[in-house]
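The residues making up each chain are set out below.
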Amino acid sequence: MVTSTEYVNSVLEKVKSYNRHEGEFLQAVEEVFESLVPVFDKYPEYIEENILERLVEPERIVSFRVPWLDDQGQVQVNRGYRVQFSSAIGPYKGGLRFHPSVNQSIVKFLGFEQIFKNSLTGQPIGGGKGGSNFDPKGKSDREVMRFCQSFMTELQKHIGPDLDVPAGDIGVGGREIGYLFGQYKRLNGYQNGVLTGKGLTYGGSLTRTEATGYGAVYFAKHMLDSKNEDFQGKKTIVSGSGNVAIYATEKLQELGATVIAVSDSSGYIHDENGIDLKTLKQIKEVERGRIESYIEKHPQASYIATGNGQSIWSLKADLAFPCATQNEIDYKDAQMLIDNGVIAVVEGANMPTTVKAVDLFLEAGVLFGPGKAANAGGVAVSALEMAQNSGRSAWTFEEVDQKLHEIMENIYQSSAQAAKEFGQEGNLVVGANIAGFLKVAEAMYAQGLV
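All values reported here derive from a predicted model rather than from experimental measurement. Per chain, the residues get numbers from 1 upward, laid out in the order the sequence is written. Side-chain atom pairs in this predicted model are given and counted only at pLDDT of 80 or more, local residue features only at pLDDT of at least 70, and totals for whole chains, interfaces and linings cover all residues. Only hydrogens and water are removed before side-chain values are computed, so all heavy atoms of the structure are retained for them.

Some thoughts on the overall build of the chain
When helices and strands are tallied, the chain shows 17 helices and 12 strands. Each principal axis of the C-alpha atoms in the chain carries an extent, and together these give about 65 × 55 × 45 Å. Accessibility here uses a 1.4 Å probe with only protein chains present; expressed as a share of the type maximum, an area under 20% marks a residue as buried, one over 50% as exposed, and anything in between as partly exposed. Here the chain holds 450 residues, and the buried ones make up 58% of them. Values of accessible area rely on a 1.4 Å probe in the Shrake-Rupley scheme; residue burial ignores everything except the protein chains shown. With the model as given, the accessible surface of the chain reaches about 18,200 Å², and the carbon-plus-sulfur share is 47%. Comment: elements are numbered from the N terminus, with helices defined as DSSP H or I runs of at least four residues and strands as E runs of at least two.

If you want it as C-alpha cells, here you go:
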C-alpha cells in the first residue's frame, strides 16, 4: 500500500496536470494538501476510498454567457460561473463575485476554500462559489439591474434553498442581491431561502452585513488571548474598504485598537490619529466613492495612490488584517510587516497571503489566522439566515452576534486542537485545514462512492 506522502503527492500531480493553467486554484490546493499527510497516516481508509482525489474535483461546474443592455442600448456580453464543489455535508453554499478578474480558476479556488470554511463553522453547508467578469463599478443602477436579471435567468436553473444557496462577495452587495432575488422570484415564486445577504424586509438577517469583519476580529481575539495579548492601543492596518474592512475596523475600534490605514483599488489612506469610521462609511456605503476623498474631510491624513512603489504593508503596525483580495501580501510585504514588529496577521479576505509569505510569518513566530477560519463569519451568519428563513423567524442583532462570536470561538478552538493533535501546535493554517477536512472526509466515507 502507498504511504500517505506518496498518496498526497500523486493526487497533487494529477491536479497539476489536469488544471495546469489555473494558478489560483493550484495554490489553494497545494496549501491544503501540505497539511493533510498526517491525517492519512491516522486514517488509511481514506486512501483506500481515494477521498482526496474525489474531493478536489468539483461535483459540477456551470459556465454560461450573460447578455445585457447598457444605458446606450448596446448589447454587452459577460461570462457567468457557478462551481458546485462539495455537497457532502449540506447544500452548496458560497458567494457570487462580480469583478473583471473572475475566471474559472478564481471561482474554483474560492469554491475549494469554501468547502473547508463551511465545514469549520459547524453548520450543515457544503462548498460552492460563482460569479462573473462583469464590473459593477461605473455602471448605473439600471445597468446593474439588467445584468443581474440576465445572470439570474440562467443561474436559477441550478440553485435552490436545499440545493445551492449563493450569497454576495466582491462586487455583489445589497443592491445586487436584491436584483438577483427579484429575478429568481419572478421566475420561481417566493422562496426566501434561495439567497443569503438579503435585505431585512424580505428575509435577510441582522448582523449579516457586519458578519465577516466582526468574525475576523472575534477570531483574532482568541489568537491574542492565547498569548495574553489584547487589542488595547494596538496600531492596526486593514486593507480594503468594503463590508469586511469597514466592519472589521468598527469592531477593532470598539475593542480598543487604532486602525491607521484602509485601502481600495486606487490606493490607501494613512491616518495615524485613527481612521474616522463615519467618513469611511459615507464614502464607501453611501457615495460609492473612492477612498482618496477621505483627505478632503481629514487633511491630516495622507493618500498614497496605487502604483507609486509604496505599499500599505510598509506602515508600522502591531496587527494586520488583509481584507481586500487574493495574494495581496507577498514575501516582500510580509518581511516589511515583520521588520516593523507586527505580532498578528488575520486574513479577512480569501487567500490574501501568498504561500511564501505565510511560511515567513510562521517562521518568524507571528500569529497567523488563515482565511478559511478567520473569515468564516460571513458564511456562518448566512447559514443562520437560512435557519431563520426555514423557521419563518427573525432573531435580534444581539442574538445573531452572540451566535457568531460562539461560532468563531469554536472555529479557533477546533483549529488549535487539530494542530496540536497532529503535531503542529500553534499552526492554525494546518489546524484549520485538518479540522475542516476531517468532517467532510467522514461524511464522504459514510455516504459511499457518490
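Description of the UniProt feature "binding site: NAD(+)" (unreviewed entry) in the chain
UniProt positions are given in the numbering used here, feature names are shortened, and annotations may be inferred rather than shown by experiment. Taken from the UniProt record, the annotation "binding site: NAD(+)" (unreviewed entry) applies to T212 and N243. Taking the farthest pair of C-alpha atoms as the criterion, the annotated set spanning 32 residues converges on one region, since that pair is 7.9 Å apart. Ignoring any residue separated from it by four or fewer positions in sequence, one finds T212 in contact with V244, G348, N375, G377 and G378. Assignment of secondary structure puts N243 in helix α9 (residues 243-254). Whether two residues are in contact is decided by their heavy atoms: any pair within 4.5 Å suffices.

Here we look at the domain arrangement of the chain
What fixes the domain bounds is an automatic or database domain assignment. Its domain assignment divides the chain into domain 1 (4-56), domain 2 (60-188) and domain 3 (210-373). For domain 1 versus domain 2, the separation of C-alpha centres amounts to 27 Å. Taken together, the contact between domain 1 and domain 2 spans 12 residues of the former and 11 residues of the latter. Buried area: the accessible area, evaluated with a 1.4 Å probe, that two parts lose upon being put together, summed over both parts. In total, domain 1 and domain 2 occlude about 960 Å² of area from one another, counting both sides; carbon and sulfur atoms represent 69% of this. In terms of surface lost to domain 2, no three residues of domain 1 exceed E24, F25 and L55, which account for 51% of the buried area on that side. Salt bridges are counted wherever a side-chain nitrogen of Lys or Arg sits within 4 Å of a carboxyl oxygen of Asp or Glu. The tally of links between domain 1 and domain 2 comes to 1 salt bridge. Across the pair E22 and K108 runs a salt bridge whose closest N-O atoms are separated by 2.8 Å. Pairs of N or O atoms are called polar contacts if they sit within 3.5 Å, as long as, within protein, a hydrogen donor faces a hydrogen acceptor (for residues adjacent in sequence, only side-chain-to-side-chain pairs). Linking domain 1 with domain 2 are 5 residue pairs in polar contact (both at pLDDT 80 or more). Of all the secondary-structure elements, those providing two or more residues to the side of domain 1 that touches domain 2 are α2 (23-42) and α4 (51-56). With 8 residues, the top contributor of residues to the side of domain 1 that touches domain 2 is α2.

Observations concerning the packing of aromatic side chains
Between the rings of Phe, Tyr and Trp (Trp by its six-membered ring), a pair exists once the centres lie within 6.5 Å; its type follows the angle of the planes, with under 30 degrees stacked, over 60 edge-to-face, and the other angles tilted. For the coordinates displayed, the defined rule picks out 22 aromatic pairs. With centroids separated by 6.0 Å and ring planes inclined at 85°, the aromatic side chains of F25 and F112 adopt a geometry described as edge-to-face. Of the two residues, F25 is situated in helix α2 and F112 in helix α5 (residues 104-120); the sequence distance between them amounts to 87 residues. The buried category is assigned to F112, whose relative accessible area is 1%.

As for the sheet that holds strand β8 (residues 267-270)
Strands are treated as partners if at least two bridges between them are detected by DSSP. As summarised here, the arrangement of the 7 strands in space is β9-β8-β7-β6-β10-β11-β12, forming an open sheet in which the pairing is mixed. Unpaired on one side and paired on the other, β9 (302-305) and β12 (367-369) mark the two borders of the sheet. Mean inter-strand twist for the sheet, computed between neighbouring axes without regard to direction, equals 15°. Bridge analysis of strand β7 (residues 258-264) against β8 gives 4 bridges, and the strand direction is antiparallel. The convention used is that axes are lines fitted to C-alpha atoms, helices contributing only their stretch in contact, and that angles between N-to-C directions extend from 0 to 180 degrees.

A closer look at the sheet that holds strand β1 (residues 60-69)
Strands sit in the order β1-β2-β4-β3-β5 across an open sheet of 5 strands; the sheet is mixed. Only two strands of the sheet have a single partner each, and these edge strands are β1 and β5 (164-167). Averaged over all adjacent pairs, the angle separating strand axes in this sheet is 20°, with direction ignored. Both strand β2 (residues 75-86) and strand β4 (residues 126-132) contribute to a ladder of 6 bridges, which runs antiparallel. From the neighbouring strand, Y81 faces β4, where its bridge partner is G131.

Looking at the environment of Y92
Position of Y92 relative to the elements: it lies in strand β3 (residues 92-98). Sequence spacing of Y92 and G111 is 19 residues, and the spatial spacing of their C-alpha atoms is 9.3 Å. Ignoring any residue separated from it by four or fewer positions in sequence, one finds Y92 in contact with E59, R60, Q84, F85, S86, S87, G126, G127, L163, D164 and V165. In this structure the side chain of Y92 is engaged in a polar contact, spanning 2.5 Å, whose partner is the side chain of E59.

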